[in-house]
Each structure stands twice: as C-alpha cells, then as structure tokens.
Amino acid sequence: MNGLQLSGVSRSFGDRTVLHSMDLSVQRGEIVGFIGGNGAGKTTSMRLILGLLSADQGQIMWDGKPISAQDRRNIGYMPEERGLYPQMPVREQIIHFALLEGHKLPVARTVADDLISSLGLQGRERTLIQDLSLGNQQRVQLAVSLVGDPALLVLDEPFSGLDPSAVATMGELIREQAARGVGVLFSSHQLDLVERLCDRVCILDQGRVKASGSITELKTEGKSRWQLNFSHNADAFAAETAMLRDIDVTWSSADRTSVMVCLEGDDRDIPTQLLAIAQRHGGLRSIESVQRSLDELLTKQYISAGLATTAAAEPVTTASEASK
Ligand SMILES: Nc1ncnc2c1ncn2[C@@H]1O[C@H](COP(=O)(O)OP(=O)(O)OP(=O)(O)O)[C@@H](O)[C@H]1O
C-alpha cells in the first residue's frame, strides 16, 4: 500500500493503555479526518507516527515497509501545542525551520519565499509571530510543516481557534496539498469541517478505533432514514409507526406535519410498511431518504464523550410509553 499504515498499534503509559491495537491508513493524496473526544488518543497516535513516542506493539509502515527515520523526515507535523517563536519575524521563522530541515541558506530562503507567497503571507514577512492574527499564525505553522516538501502532513487540530474565514483558508490549503499528492491526517472536533474536507475518517474512542471509512459509508451503515411530509398533522401516522419494531420516529417540524423515521438496515427502497400506514392516514405529500449528519452519527453511535452534540429531535412517544 502507498502511504502510511498503522496495524495493531498499542501504547500504554504506566499501567494505562491509551491505544488499543489501532489500525489507521492514509494514502497519498488522501485527506483523513481523525475524530475522537478529549483524551481519545489522537495526539498520542500522531506522536507515534512521527516517532516522538514508540509503540509497545504493532507496526507503522510507509509505502509497505516499516517506517524509517528517513521516511519520517518526509512528514510535516503541526503539533497541537504549536512551536513557533513569538518574537521572530515570519520569514526568518520559516527560514529557520527550513535550515533545521537540512536546506542550505539560499535554498531555505527560496523555500520560505515560495511558502509565503503560496500561503498568502505576502506583506507579513517582517511581522513578529506574536503580532499576527491567529489565522495567520496558523498559516505560518502550516508553512513550517511544509518546509521539507512532505509526502504526508500530520496536523493536530489545525482549525482550533480560527474564525470562519481562516477556517475556510486553512481548508483550502489542505485541499491544495492533497491535490498535489500529499496525504493529510488531521484531527478536529469540528465535525462539519471534517465532513466537508475528508475522503475518509477514523473514529477513535478511548483508544480504540470504533469505525473508519468514507463518510457516506459510515452514514448509511446499518440504518436508513426517511422523512415523510404530510399536508396535515401526522400524529396518527407517527403514533402507529412508532409501534413498529426496530424503528425510531421523531418530529422534524414543529407543526407535526413532518416525521423522520429511522429503520434498522440500510435498505435503499422505500419501506412498503411505512407507505401503507401513510396511505391509510392520508395526506402524504412526499417521502425522501435523509442521511444522518456526522455529529449525529458519532454522538449516537460511536463516541462516548467529549464532542459537542446538536440538540436532539423530539421523539414521538407511543401511548404505552406516555402512560409510564
Ligand atoms: N506522556 C504521557 N504520560 C501519561 N499519559 C499520557 C501521556 N500522553 C498522553 N497521555 C494520556 O493518554 C490519553 C490520550 O491522550 P491524547 O493526548 O492522545 O488524546 P487526544 O485524543 O489527542 O485528546 P485531545 O482531543 O484532548 O487533545 C489521555 O488520557 C492522556 O492523559
């Protein structure tokens, strides 16, 4: 396989195991979102990839072979704790990291100037890092992770603290890198962003991979959802549907004319049972298949703590539940 692969990687601190036999892959040109609540093990995994920590068990491979120190030099890293010198000007800072990367001074200057122009930092060359906006500090941080022309970017919460326009810019920069064939692994608590940017996600909960795959795969896995819109109040339809087995029914409009029905199984056909009930009660205007949002999927299914949830829809209660 091309790119990065972790197989069965475990890591403990003292007697506490924080990663349990983890599998993860990032191919060249692919953007993978790393999602998990606080303390799930994302940063630890990244440090293992970078070789800043060693694994107790398992293998980390690059292009199908055990990852070497040389391979790791081709990884650009944006650590969560960041690592810029607040009192150094932008251009000098990037040159400094390019020199550390092993470039000679004239090359380091060219690398810095190219990154300054491609990351939109023109005019800020002499500004001290501490005088930059957070968004521009993150751009410099990304520039620093790119000085070695990496084959893989590992970005620990690159969007944290950014305003919407800086988020959009950072997202664009990440997409550009992926389009150049760079694999990108980034962690984030902002699920809408992950949903927009990523080809695949890896969901980590308390050190265990709960799911990985494309977002579409995860969203349709094992369940299907249908929204039925009625011309009148759908109380009778909802009450009868809520009595069926393996079904969740929630209101999706305040006037109770729209009902969301979630069924076990990822059948793409409109369930005949639902149509029959709807027909019996009359007034059905439309029925549409609805995908779950990523945050709903994660908070309901995979993540035990630590991610922001959206407000839950009001469930339809059956007569027997209401009387309890
Ligand atoms: N050097 C260390 N010594 C002991 N425990 C550690 C060490 N580094 C991490 N841990 C523990 O490992 C667990 C995973 O931490 P990690 O920083 O990898 O999580 P994370 O998913 O990045 O969380 P966050 O989203 O809050 O940054 C946490 O319980 C943390 O306290």
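Residues numbered from 1 in each chain as written. Predicted model: local features only at pLDDT ≥ 70, side-chain atom pairs only at ≥ 80, totals over all residues.

Any chance you could explain the sheet that holds strand β11 (residues 223-230) here in plain terms?
The pairing of strands in a sheet comes from backbone hydrogen bonds and takes either a parallel or an antiparallel form. Strand order in the open sheet formed by four strands is β12-β13-β11-β14, with antiparallel pairing between adjacent strands. Edge positions in the sheet fall to β12 (247-251) and β14 (284-289), since each of these pairs with one other strand and no more. Between one strand and the next, the sheet's axes are offset by a mean angle of 20°, whatever the strand orientation. As defined by bridge partners, β11 adjoins strand β13 (residues 258-264) across seven bridges and the pair is classed as antiparallel. Across the sheet, the residue bridging to Asn229 is Ser258, located in β13. Those strands touched by helix α9 (residues 235-242) are β11, β12 and β13, and its axis lies near 155° from that of β12. (Pairing = 2+ DSSP bridges. Helix = DSSP H or I, 4+ residues; strand = E, 2+ residues; numbered from the N terminus. Axes fitted to C-alpha atoms, helices over the stretch in contact; angles between N-to-C directions. Contact = placed C-beta atoms within 7 Å.)

Help me understand the environment of Ser10 in this model?
With respect to the helices and strands, Ser10 occurs in strand β1 (residues 4-13). Along the primary structure Ser10 and Ala55 are separated by 45 residues, whereas in three dimensions their C-alpha atoms are 6.0 Å apart. Excluding residues within four positions of it along the chain, Ser10 makes contact with Thr17, Leu19, His20, Ser21, Ala55, Asp56, Gln57 and Gly58.

Even after reading the chapter, I still don't get the confidence of the model for the chain, so can you show me in this structure?
Close reading of the predicted structure is inappropriate where its pLDDT is low. For the chain, mean pLDDT is 87; residues scoring 70 or higher make up 88% of the total. Confidence estimates for the predicted assembly give a pTM of 0.77 and an ipTM of 0.96. (pLDDT = per-residue confidence, 0-100.)

So what exactly am I meant to see when it comes to the site of the ligand here?
Taken together, Phe13, Val18, Gly36, Asn38, Gly39, Ala40, Gly41, Lys42, Thr43, Thr44 and Glu80 make up all the residues around the ligand. The dominant element in the shell around the ligand, judged by the number of residues it contributes, is helix α1 (residues 42-50), at three residues. A class-by-class count of the residues in the shell around the ligand yields three nonpolar, six polar and two charged. (Near = placed C-beta within 6 Å. Nonpolar A, V, L, I, M, F, W, Y, C, P; charged D, E, K, R; others polar.)

In this structure, what is going on with the pairing of strand β8 (residues 183-187)? I would like to understand it.
Counted residue by residue, β8 has five buried out of five residues, so it is predominantly covered. Residues Gly183, Leu185 and Ser187 point to one face of β8 and Val184 and Phe186 to the other, with burial holding for every one of them. Where strand β3 (residues 31-35) lies against β8, four bridges are found, and the strand directions are parallel. Looking across to β8, one finds that Val32 is bridged to Leu185. The pairing of strand β7 (residues 152-156) with β8 spans five bridges and is classified as parallel. Within β8, the residue paired with Leu155 across the bridge is Phe186. Taken together, β7, helix α6 (residues 164-179) and β8 form a β-α-β motif whose crossover is right-handed. (Buried ≥ 20, exposed ≤ 12 C-beta atoms within 10 Å, placed from the backbone. Right-handed = clockwise from strand over helix to strand, strands pointing away.)

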